[in-house]
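Survey of secondary and tertiary structure
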Amino acid sequence: MSEVIVVTSGKGGVGKSTTTANLGVGLAMRGKKVVLIDTDTGLRNLDLLLGLENRIMYDLIDVVEGRVEIKKALVRHKKYENLQLLPTSQVKDKSAVNPADLMALCDELRKEYDFVIIDCPAGIEQGFQTAIAGADTAIVVTMPEVSAVRDADKIIGELGRSEKDNIKLIINRIRPAMVDSGEMMDMDDINDILAIKCIGQVPDDIKVVTSANRGEPVVGDSDSQAGKAYENIVGRLLGEDIPFMEFEKEGFFKKLMKAFKLSKD
């Protein structure tokens, strides 16, 4: 049975679109048929993260306004044939799509895809209400910072008021050394505030930035802790019991410098 997942956040810049791209690729790597929908109309970037920006001919607005069929607007991933993207417009605003439009679109896509993943605009305005309308599951992405967690709490409240009760949490950009020193919130702090099931803890990883610039999500990269974390999240979405990772607290170069110093001593 297919599942519609909306990936949302209260605060912008927490890695929501990066999470959407990595989950989509990760599920496609597992053989699942996946379609990603970018609903951040006017500010789309999911196409960039997937390396598909030069292949877009039509968009979400063309579909809901009846100019083209869904299949014509879908952009197939270059590496994974079972992953497709429905981009949105860069020039329209978020009022161009309403909740009924998106619900109808999701119902149509359910017939063919195992997962429909919606990249939601940040905040709680109309774009948020539209994006969550047809979702079975909501994934809230936040960071271990007070302002981001507070905004995530607002989003969880809005999801509850919209009768969305299957809500999961991903904590992104964790810096273990800062958590240990008390400069960054730990999971106990976050759980006390949000009190929803956490399915992912993703460390801050420079490879996320470099892979995004290349249009290649980091999931599946065995040399990336973030890539492994996203791979584990995909497994949990598929019902697998996977323990959370223990993160390294020092980067490679810091370890190398320490080893060099010890050898001199």
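Residues numbered from 1 in each chain as written. Predicted model: local features only at pLDDT ≥ 70, side-chain atom pairs only at ≥ 80, totals over all residues. Heavy atoms only, no water.

Looking up the chain in an unreviewed UniProt entry gives the name Septum site-determining protein MinD, with the organism given as Anaerovibrio lipolyticus. Quoted straight from UniProt, the Function (unreviewed entry) entry for the chain says "ATPase required for the correct placement of the division site. Cell division inhibitors MinC and MinD act in concert to form an inhibitor capable of blocking formation of the polar Z ring septums. Rapidly oscillates between the poles of the cell to destabilize FtsZ filaments that have formed before they mature into polar Z rings." Listed under Sequence similarities (unreviewed entry) in UniProt, the entry text for the chain is "Belongs to the ParA family. MinD subfamily." (UniProt positions renumbered as here; feature names shortened; annotations may be inferred.)

1. A closer look at the packing of helix H7 (residues 146–161) against helix H9 (residues 187–194)
It is at 10 Å that the axes of H7 and H9 come closest, and there the two elements cross at 35°. Taken as a pair, H7 and H9 cross one another with a handedness that is right-handed. Taking contact as the criterion, the partners of Val149, Ala152, Asp153 and Ile156 in H7 are, on H9, Ile190, Ile193 and Leu194. The residue makeup of the contact of H7 with H9, split by class, is 6 nonpolar, no polar and 1 charged. (Axes fitted to C-alpha atoms, helices over the stretch in contact; angles between N-to-C directions. Helix = DSSP H or I, 4+ residues; strand = E, 2+ residues; numbered from the N terminus. Left-handed = near helix turned anticlockwise from the far one by under 90°. Contact = heavy atoms within 4.5 Å. Nonpolar A, V, L, I, M, F, W, Y, C, P; charged D, E, K, R; others polar.)

2. Some thoughts on the UniProt feature "binding site: ATP" (unreviewed entry) in the chain
Look at the UniProt record and you will see "binding site: ATP" (unreviewed entry) annotated at Lys11, Gly12, Gly13, Val14, Gly15, Lys16, Ser17 and Thr18. Structurally, the position occupied by glycine 12 is in the loop between strand E1 (3–8) and helix H1 (16–29). Locating serine 17 in the fold gives a position in helix H1. For serine 17, a relative accessible area of 10% corresponds to the buried category. In contact with serine 17, not counting residues within four places along its chain, are Asn45, Leu46, Leu49 and Asp119. (Buried < 20%, exposed > 50% of the residue type's maximum accessible area, 1.4 Å probe, protein only.)

3. Notes on the pattern of salt bridges
With the rule as written, the count across this model stands at 14 salt bridges. Residue lysine 33 pairs with glutamate 112 through a salt bridge whose shortest N-O separation is 3.6 Å. One end of the pair, lysine 33, is in the loop between H1 and strand E2 (34–38); the other, glutamate 112, is in the loop between helix H5 (99–110) and strand E5 (115–119), and 79 residues separate them in sequence. For glutamate 112, a relative accessible area of 39% gives the class partly exposed. Residue aspartate 204 is joined to arginine 175 by a salt bridge in which the shortest nitrogen-to-oxygen separation is 2.8 Å. Residue aspartate 204 is found in the loop between strand E8 (197–203) and helix H10 (206–214), and its partner arginine 175 is found in the loop between strand E7 (167–174) and helix H8 (176–180); the two are separated by 29 residues along the sequence. (Salt bridge = Lys/Arg side-chain N within 4 Å of Asp/Glu carboxyl O.)

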